[in-house]
Amino acid sequence: MTLKDLIVRNCKLYFKDKGLFFSSLIAPIILFFLFVAFLGGVYKDSLLSVFEGVEIESRLVNGFAGGWLMSSLLAVSAVSIAFTANCVMVQDKMTDRYADFCVSPVKHYQLALGYYIATALVTLLVCSVALVVGYIYLAIVGWYLTFTDVVLTILDTVLLVLFGTSLSSIVCKFLKSQGGITAVEVIVSAAYGFLCGAYMPIASLADAIGKTLSFLPGTYGTSLLHEHFMGGAIDEICSGLAGGDVYAQRTREGFDCVISFFDNAVPEWACYLIISITVVLLIGLYILLVASPWKKRSKKVHSS
Amino acid sequence: MNIIEIEHLKKYYGEVKAVDDISFTVKKGEFFAFLGVNGAGKSTTISILCGRQPADGGSVTIDGMSLDGHADEVKRRLGVVFQSSVLDAPLTVADNLKYRASLYGIHGEKWRAQLEKLTELFDLSELLRRPVGKLSGGQRRRVDIARALVHDPEILILDEPTTGLDPQTRQSVWSIVHRLRKEREMTVFLTTHYMEEAADADRVVILDGGKILADATPLELKNTYTGDYITFYGASEEELAVLGASVERVGEAFRLEVKNTAEATELVLKHPKLFRDYEITKGKMDDVFLRVTGKSIGATGAEEKR
């Protein structure tokens, strides 16, 4: 009951703090405007140039580009919203609120769980709204997702939300000032989209950068979303072509639906394994961070 | 009966001795004041007492229980009002109280009964649905105190509760605290740098540089460290010269410091014609503090150069 109230309190603080709420939407909004301004056109042109001479109906092209937008948007949102939602924890530490919690009998692990679950719920809620809006958008411009794709996009989103929540919980554990929050928000909003391959396909970046980014686990989560949002459209385009499988594979590689680790294509199951193990490791690290200072303190307190 | 017992408490930050081997007790139902300039060690002591930070030595016993091993039980006996408000500004007053109560395991029917009690005690019915961010300073402080009492603690710790508040709000805070003491016989542990607040306490401990310099009732402190003052109205400086002591002009009156009330009475009997319009007052806590520490406190709690 106490944990439930802590979670509700943290969620309410996020949604009632307009500054916090809107700042978490900066990265997705940037991405949306980039898409409307030129990225959408770039992806459509790229796709058409790959299939030069092939007649592709506009609904298919729009479905493909829309799939890119939605997968990128969700990949960025899952992390940027989690970072902002976790600002509730940093703000509590900045003010005397966290100290105030500590004079009550509430356990440190309950506080830590309260922040973690609230961040996960808030991020999941906002991403779920984006996901539903995305499905509606794709249904209008061009729907090429199978039932399995829909289920997998939901699974990918949940995994990325857990990844974003765990990563932000660890980073925010070390933040104690408004300056720190702002710096992290700016970095996450501006840089994460590039780092995870949401703004530009990693395949289109320099080889060294691509290899470096392949070490980041978030990249594999983004790749899964790309595949499940765009794979249907790619298969549809290539279905009637001679050597369609080869075209489909090349297109997938060019648009990060398949990601390579040092020129070796990483299979889908491996992507799931990488992102899942990363989530487990990050949660473990967070638990260690939460538990360690508490144990030390309880040993030392009030020794005569 | 002692509700708080602190023995040889120490807290060092490198070379700085924030709390330097202090011992004192607080009786159940007592209004206890910790008086000192900023950095004297008041808040550090409170912080240790509440279990927020570890001590480097010594022991804290509250209601017969050592903090070591009974932290949760001890915390249930404490209600703390910090210098700055810890309310969540975007949330309503009711939410703030509810989530605080939840930390003490107060839910459901028990919570509703507690809310009703607090609403009546602090006159909160008009404020419950309003976001804290839209309340005035005085209303917010009222909610802060209500929140500290949400679990019916036995000890109310007020850590400089009126610093930075306007006189009217300070007055309203104190009327609530005095009412609580009267109605609930609650132990109040106050840290302050306001002399007039400490003067109302049952017992005052003066802290400086992490050490206790004085521990007594305000009256004992005044009798020990200051004399009495006779203020003469309507008497001229020439007339007062017969007293053979230097008098200080205070507005239209003259003030004479004497050792004690007995000496004042002696003067009244010896020079009745001078005592046409006069008053005899005890020294103030400012004088006590100055004599004890050699320092005076500014409005912000910082040491004031003299």
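Higher on the page you've got the structure.
Residues numbered from 1 in each chain as written. Chains lettered and ligands numbered in written order. Predicted model: local features only at pLDDT ≥ 70, side-chain atom pairs only at ≥ 80, totals over all residues. Heavy atoms only, no water.

(A) Seen up close, the overall build of chain A. Of regular secondary structure, chain A possesses 13 helices and two strands. In terms of C-alpha radius of gyration, chain A reaches 21 Å, essentially the compact-globule figure of 19 Å for 304 residues. Considering only C-alpha atoms, chain A reaches an extent of 85 × 35 × 35 Å along its principal axes. Counting all 304 residues of chain A, 53% fall into the buried class. (Helix = DSSP H or I, 4+ residues; strand = E, 2+ residues; numbered from the N terminus. Rg over C-alpha atoms; globule rule 2.2 N^0.38 Å. Buried < 20%, exposed > 50% of the residue type's maximum accessible area, 1.4 Å probe, protein only.)

(B) Structural detail: the overall build of chain B. Looking only at helices and strands, one finds 11 helices and 16 strands in chain B. With the principal axes as the frame, chain B shows a C-alpha extent of 75 × 45 × 35 Å. When burial is assessed residue by residue, chain B has 54% of its 306 residues classed as buried. Put simply, of all contacts in chain B between residues at least 6 apart along the chain, 70% involve residues at least 24 apart. Surface exposure of chain B reaches about 14000 Å², of which carbon and sulfur atoms provide 47%. (Contact = heavy atoms within 4.5 Å. Areas by Shrake-Rupley, 256 points an atom, 1.4 Å probe, with all protein chains shown as cover.)

(C) Inspection of the sheet that holds strand β14 (residues 277–282) of chain B at higher detail. All names here are of chain B. Read from one edge to the other, the open sheet built from four strands follows the order β12-β13-β11-β14, with strand pairing classed as antiparallel. Where the open sheet ends on each side, the last strands, each with one partner, are β12 (248–250) and β14. Taking the axes of each pair of neighbouring strands and ignoring which way they run, one obtains an average angle of 30° across the sheet. Each of β11 (228–233), β13 (253–258) and β14 touches helix α10 (residues 261–270); the most contacted strand, β13, lies at about 125° to it. (Pairing = 2+ DSSP bridges. Axes fitted to C-alpha atoms, helices over the stretch in contact; angles between N-to-C directions.)

(D) Structural context of the interface of chain A and chain B. Every contact between the two is made by 26 residues of chain A and, on the other side, 35 residues of chain B. Roughly 2900 Å² of surface becomes buried between chain A and chain B when both sides are summed, with 55% attributable to carbon and sulfur atoms. The tally of links from chain A across to chain B stands at six salt bridges. Joining chain A to chain B, the criterion identifies 13 residue pairs in polar contact (both at pLDDT 80 or more). Among the secondary structure elements, those contributing two or more residues to the side of chain A that touches chain B are α1 (2–16), α6 (97–102) and α13 (268–300) of chain A. The greatest single-element share of the side of chain A that touches chain B, amounting to eight residues, is contributed by α1(A). Residue composition of the side of chain A that touches chain B, by class: 11 nonpolar, five polar and 10 charged. (Buried area = accessible area lost by both parts, 1.4 Å probe. Salt bridge = Lys/Arg side-chain N within 4 Å of Asp/Glu carboxyl O. Polar contact = N/O pair within 3.5 Å; in protein donor to acceptor, adjacent residues only side chain to side chain. Nonpolar A, V, L, I, M, F, W, Y, C, P; charged D, E, K, R; others polar.)

(E) Representation of the environment of B:K211 in the model. Considering the arrangement of structural elements, one finds B:K211 in strand β10 (residues 211–216). Look past the residues within four positions of B:K211 in its chain and what remains in contact with it is B:D20, B:I22 and B:I206.

(F) Local environment of the sheet that holds strand β9 (residues 203–208) of chain B. Residues and elements named next belong to chain B. On the basis of which strands lie adjacent, the open sheet formed by six strands has the order β6-β7-β8-β3-β9-β10 and mixed pairing. For this open sheet the edge positions go to β6 (78–81) and β10, each flanked by a neighbour on one side alone. Each neighbouring strand pair of the sheet contributes to a mean axis angle of 15°, computed without reference to strand direction. Where strand β3 (residues 31–35) meets β9, four bridges bridge the pair, whose relative direction is parallel. Paired with A33 across the two strands is V204, which belongs to β9.

(G) Summary view of the pairing of strand β8 (residues 187–192) of chain B. Residue and element names in this part refer to chain B. In terms of burial, β8 is largely enclosed, as six of its six residues are buried. Side chains of β8 alternate between two faces, with T187, F189 and T191 and V188, L190 and T192 buried alike. Across five bridges, β3 lies against β8 in parallel orientation. Within β8, the position partnered with L35 by the bridge is T192. Alignment of strand β7 (residues 155–159) against β8, held across five bridges, turns out to be parallel. By the bridge assignment, I155 is partnered in β8 with T187. Where the polypeptide runs from β7 across helix α6 (residues 167–184) and back to β8, its parallel neighbour, the crossover connection is right-handed. (Right-handed = clockwise from strand over helix to strand, strands pointing away.)

(H) Highlighting the packing of aromatic side chains. Residue and element names in this part refer to chain A. Considering all chains together, one arrives at 26 aromatic pairs over all chains under this definition. Ring plane angle 50° and centroid distance 4.6 Å describe the contact between Y43 and W68, whose orientation is recorded as tilted. Here Y43, found in helix α3 (residues 26–50), pairs with W68, found in helix α4 (residues 58–85); they are 25 residues apart in sequence, far enough to count as distant. Of the two residues, Y43 and W68, neither departs from the other in class, the shared state being buried. Measuring from centroid to centroid gives 5.6 Å for F51 and Y247, while their planes differ by 40°, and the two rings are tilted. Placement of F51 in the loop between α3 and α4 and of Y247 in helix α12 (residues 244–254) is noted, with a sequence separation of 196 residues between them. Put simply, the rings of Y14, F15, F21 and F22 pair up and form one aromatic cluster. (Phe/Tyr/Trp six-rings, centres within 6.5 Å; stacked < 30°, edge-to-face > 60°.)

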